[in-house]
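Here is what each chain is made of, one letter per residue.
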Amino acid sequence: QLARIQTDSVVEMLRKLHPDLCFEIAVAMSTTGDKILDTALSKIGEKSLFTKELENALERNEVDLVVHSLKDLPTSLPPGFTIGAVCKRENPLDAVVFHPKNCGKTLSLLPEKSVIGTSSLRRAAQLKKKFPQLEFRDIRGNLNTRLKKLDEQEDFSAIILAAAGLKRMGWENRIGQLLSPEDCLYAVGQGALAVEIRAKDQEILNMVSALHDGETVLCCIAERAFMKHLEGGCSVPVAVNTTLKNGQLYLTGAVYSLDGSDSLKETMQTSVNYPQQSEDGPNDDVQHVGITAKNVSGQAQEAAENLGVELASLLLSKGAKHILSVARQLNDAC
């Protein structure tokens, strides 16, 4: 349902820009990540959990564009594909949804040993450290399924979800607590929608480029470059917080051990105050961590990507590789 709502919202924007074109939404497809619900995401070990089947349809020309949650897209796309648009970001923060009996509470007010559901190693690692009195357990399924498990069973006192998904579903009233970046840094690309297309399909690229939100593009390029340089993924806890203010891009990045006891966190900034070059040139369709943004300054994109790489390098120099490799080994062994 959420995937359909997200696709509909992108198609609606395109219809307004191109009222003369007909947009047909293909029959919804299930992906590996949708089908394997009895295993933690971090254990499945497939990088393109929510994208592979959709990319196959793109490659076969069965569809011309695919709408994803950007956080589901790997930092390296298969050859022949690109992210042709990154839409304006919804609130990227994580949210706590409480069991009806805990309505009005916050995580800190829950009784000791209360069980919190999350499918994310990133969320669990940060929240275990902050709320050691709580227990964290894996919960899988789409938003509807997870909320049903929360409401109809007594297994969980609360679950953690992305605020963006709840808002898009019209379930904002279920948010009992928004987790600030001090409580929980968010996932790379969280809250942003991406439109994936065939890289050489110039006509489609030109069409979807209008959907790019410049600020979101720069923030997400920095985050994806950070993740890529760390060689992170859903099998290790990597988290970010990004802001753009007065031409300065600020990126906070962190890595965690599985229990949150060991962590590294740093913030860096760079200027992205570069004018957009008006003339077409050979670098027009350059990808930055899988994103082609023709209408955003190339210099600004480069600065954002360099920021992510430099922040990752700083954390690696301080021992991030060890934290991540231990987390990966422990996760594989569990």
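Residues numbered from 1 in each chain as written. Predicted model: local features only at pLDDT ≥ 70, side-chain atom pairs only at ≥ 80, totals over all residues. Heavy atoms only, no water.

With an unreviewed UniProt entry as reference, the protein chain is termed Porphobilinogen deaminase, source organism Chauna torquata. Taken from UniProt, the Pathway (unreviewed entry) comment for the protein chain reads in full: "Porphyrin-containing compound metabolism; protoporphyrin-IX biosynthesis; coproporphyrinogen-III from 5-aminolevulinate: step 2/4." (UniProt positions renumbered as here; feature names shortened; annotations may be inferred.)

Enquirer: Quick question: what am I supposed to make of the nonpolar core here?
Expert: In a soluble, globular protein the nonpolar side chains are often hidden away together inside. Membership of the largest hydrophobic core comes to 45 residues, with the highest contact counts inside it found for Leu70, Ile83, Phe226, Leu230, Val238, Leu249 and Val255. With 10 residues, helix 9 (residues 214–230) is the single largest residue contributor to this core. Beyond its immediate sequence surroundings of up to four residues, valine 255 is in contact with Leu230, Pro237, Val238, Asp262, Ser263, Leu264, Leu315, Ala320, Ile323 and Leu324. Residues Leu14, Leu193, Ile204 and Leu211 belong to the second largest nonpolar core, which totals 15 residues. (Core = buried A, V, L, I, M, F, W, Y, C linked by side-chain atoms within 4.5 Å. Buried < 20%, exposed > 50% of the residue type's maximum accessible area, 1.4 Å probe, protein only. Helix = DSSP H or I, 4+ residues; strand = E, 2+ residues; numbered from the N terminus. Contact = heavy atoms within 4.5 Å.)

Enquirer: Is there a simple way to think about the sheet that holds strand 7 (residues 177–179) in this case?
Expert: Pairing is mixed in the open sheet, where 5 strands are placed in the order 5-4-6-3-7. Because the sheet does not close on itself, it has two edges, and the strands there are strand 5 (135–137) and strand 7. Between one strand axis and the next, the sheet turns by 30° as a mean value, whatever way the strands run. Relative to strand 7, strand 3 (residues 94–98) runs antiparallel, the two sharing 3 bridges. Bridged to aspartate 94 within strand 7 is leucine 179. Against the sheet, helix 5 (residues 121–130) makes contact with strand 3, strand 5, strand 6 (158–162) and strand 7, and its axis sits at roughly 125° relative to strand 6, the strand it touches most. (Pairing = 2+ DSSP bridges. Axes fitted to C-alpha atoms, helices over the stretch in contact; angles between N-to-C directions.)

Enquirer: Just checking my understanding: could you explain the environment of histidine 229 for this structure?
Expert: Mapped onto the elements of the fold, histidine 229 is located in helix 9. Residue histidine 229 is classed as partly exposed on the basis of its relative accessible area of 34%. Between the C-alpha atom of histidine 229 and that of serine 313, which follows or precedes it by 84 residues, the distance is 7.4 Å. Here histidine 229 is in contact with Val309, Ala312, Ser313 and Leu316, once residues within four sequence places are set aside. Here the side chain of histidine 229 touches serine 313 through a polar contact of 3.1 Å, side chain to side chain. (Polar contact = N/O pair within 3.5 Å; in protein donor to acceptor, adjacent residues only side chain to side chain.)

Enquirer: How do you make sense of the pairing of strand 6 when you look at a structure like this?
Expert: Side-chain positions along a regular strand alternate between the two faces of the sheet. With 5 of its 5 residues buried, strand 6 lies for the most part within the structure. Side chains Ala158, Ile160 and Ala162 project from strand 6 onto one buried face, and the interleaved Ile159 and Leu161 project onto a second face that is buried too.

Enquirer: Please clarify how the sheet that holds strand 2 (residues 81–86) should be interpreted in this entry.
Expert: Strand pairs in the sheet, formed through backbone hydrogen bonds, run parallel or antiparallel to each other. As summarised here, the arrangement of the 3 strands in space is 1-8-2, forming an open sheet in which the pairing is antiparallel. Each edge of the open sheet carries a strand with a single partner, namely strand 1 (66–69) and strand 2. Sheet twist, expressed as the average angle between the axes of neighbouring strands with direction ignored, equals 40°. In this structure, strand 1 lies alongside strand 8 (residues 193–198), joined through 4 bridges in antiparallel fashion. Paired with valine 67 across the strands is valine 195, a residue of strand 8. Each of strand 1, strand 2 and strand 8 is contacted by helix 4 (residues 52–59), which is oriented at about 40° to strand 8, the strand it contacts most.

Enquirer: Help me understand helix 10 (residues 298–317), please; the structure alone is not making it clear to me.
Expert: In an α-helix, one turn spans 3.6 residues, which is why side chains three or four residues apart end up on the same side. Over its 20 residues, helix 10 runs 28 Å from end to end, which matches the ideal 28 Å to within 8%, given 1.5 Å per residue. All of the buried residues along helix 10 are Ala300, Gln301, Ala303, Ala304, Leu307, Gly308, Leu311, Ala312 and Leu315. On its buried side, helix 10 packs onto helix 9, strand 10 (248–256), strand 11 (263–271) and helix 11 (320–333). Two or three places before glutamine 299, at the start of helix 10, stands the capping residue serine 297, its side-chain oxygen 3.3 Å from that residue's backbone nitrogen. One or two residues past the end of helix 10 sits glycine 319, with phi positive at roughly 110°. (Expected span 1.5 Å × (residues − 1).)

Enquirer: What is the right way to read unusual backbone geometry from this model?
Expert: In most cases, non-glycine residues show a negative phi, while peptide bonds are predominantly trans. Notably, asparagine 61 is not glycine yet its phi reads approximately 60°, a positive angle. Turning to its location among the elements, asparagine 61 is positioned in the loop between helix 4 and strand 1. When its relative accessible area of 51% is taken as the criterion, asparagine 61 is described as exposed. Phi is positive for asparagine 246, which is not a glycine, with a value near 50°. Here asparagine 246 shows up in the loop between strand 9 (238–245) and strand 10. The exposure class assigned to asparagine 246 is exposed, which follows from its relative accessible area of 73%.

Enquirer: Help me understand helix 5, please; the structure alone is not making it clear to me.
Expert: Taking burial as the measure, the 10 residues of helix 5 include 7 buried ones, the bulk of the element. Among all positions of helix 5, only Leu121, Arg122, Arg123, Ala124, Ala125, Gln126 and Leu127 are buried. The N-cap of helix 5, judged by a side-chain oxygen 3.2 Å from the amide nitrogen of arginine 122 a few residues on, is serine 120.

Enquirer: Explanation requested: the pairing of strand 9 in the structure shown.
Expert: Relative to strand 10, strand 9 runs antiparallel, the two sharing 8 bridges. Within strand 10, the position partnered with alanine 239 by the bridge is alanine 254. What sits between strand 9 and strand 10 in their antiparallel hairpin is a turn of 2 residues, with asparagine 246 showing a positive phi close to 50°.

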